[in-house]
Amino acid sequence: MAWHETDIPNRNRKPVANDHLDDYAGRYRLGADGDKGEISVVRKGETLSETWASGEVTELFPGKFDTFFSREDGWMERFLRDKSGKVTGILYTHSDGELEAKRVP
């Protein structure tokens, strides 16, 4: 038996309306100490653009409530909120694991 993982992009997935896009804009840091790189999230109309430390820009489309997806890959991301409703980070999920980034104040 052989195992093969196939990355399925979200090319045909339809975005969902989201009235909270401004909540997500900001800077985020990867790693427990924030030492694994920085991510910038900017609102552009009815989508978000995410720029990683490498300079690569990815357009994000809203899924349900705090989840987003891109057209390029199979990653899903969910913005995390504290008990008061403030966005505190991003949880990236892929078939082989998760990665978390914390919001920079």
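My aim in this report is to walk through the structure given alongside it, one point at a time. (Residues numbered from 1 in each chain as written. Predicted model: local features only at pLDDT ≥ 70, side-chain atom pairs only at ≥ 80, totals over all residues. Heavy atoms only, no water.)

## What to know about the nonpolar core
And then number 1: Tyr 24, Tyr 28, Ile 39, Val 41, Leu 48, Phe 68 and Phe 79 are the most contacted members of the largest nonpolar core, which has 14 residues in total.
And then number 2: Looking at this core, the elements that each hand over two or more residues are helix H1 (21-24), strand S1 (26-30), strand S2 (38-44) and strand S7 (87-94).
And then number 3: Looking at this core, the element that brings in the most residues is S7, giving 3 residues.
And then number 4: Beyond its immediate sequence surroundings of up to four residues, Tyr 24 is in contact with Asn 18, Val 41, Leu 48, Phe 65, Asp 66, Phe 68, Phe 79, Arg 81, Val 87 and Arg 103. (Core = buried A, V, L, I, M, F, W, Y, C linked by side-chain atoms within 4.5 Å. Buried < 20%, exposed > 50% of the residue type's maximum accessible area, 1.4 Å probe, protein only. Helix = DSSP H or I, 4+ residues; strand = E, 2+ residues; numbered from the N terminus. Contact = heavy atoms within 4.5 Å.)

## So, the layout of surface pockets
And then number 1: When its volume is computed, the largest pocket comes out at roughly 240 Å³.
And then number 2: Lining the largest pocket are 16 residues, with Glu 50, Trp 52, Thr 58, Asp 73 and Trp 75 positioned closest to its centre.
And then number 3: Counting residues per element, the ones that place at least two in the lining of the largest pocket are strand S3 (47-52), strand S4 (57-62), strand S5 (67-69) and strand S6 (76-81).
And then number 4: Per-element tally for the lining of the largest pocket: the top contributor is S4, with 3 residues.
And then number 5: Among the residues forming the lining of the largest pocket, the class breakdown is 9 nonpolar, 2 polar and 5 charged. (1 Å grid on protein atoms, 1.4 Å probe; cavity = no way out; pocket = protein on both sides within 12 Å on 5 of 7 lines; lining within 4 Å. Points joined across faces, edges and corners; volume = space filled by probe spheres on them. Nonpolar A, V, L, I, M, F, W, Y, C, P; charged D, E, K, R; others polar.)

The quantities given are spatial measurements derived from coordinates; they are silent on function.
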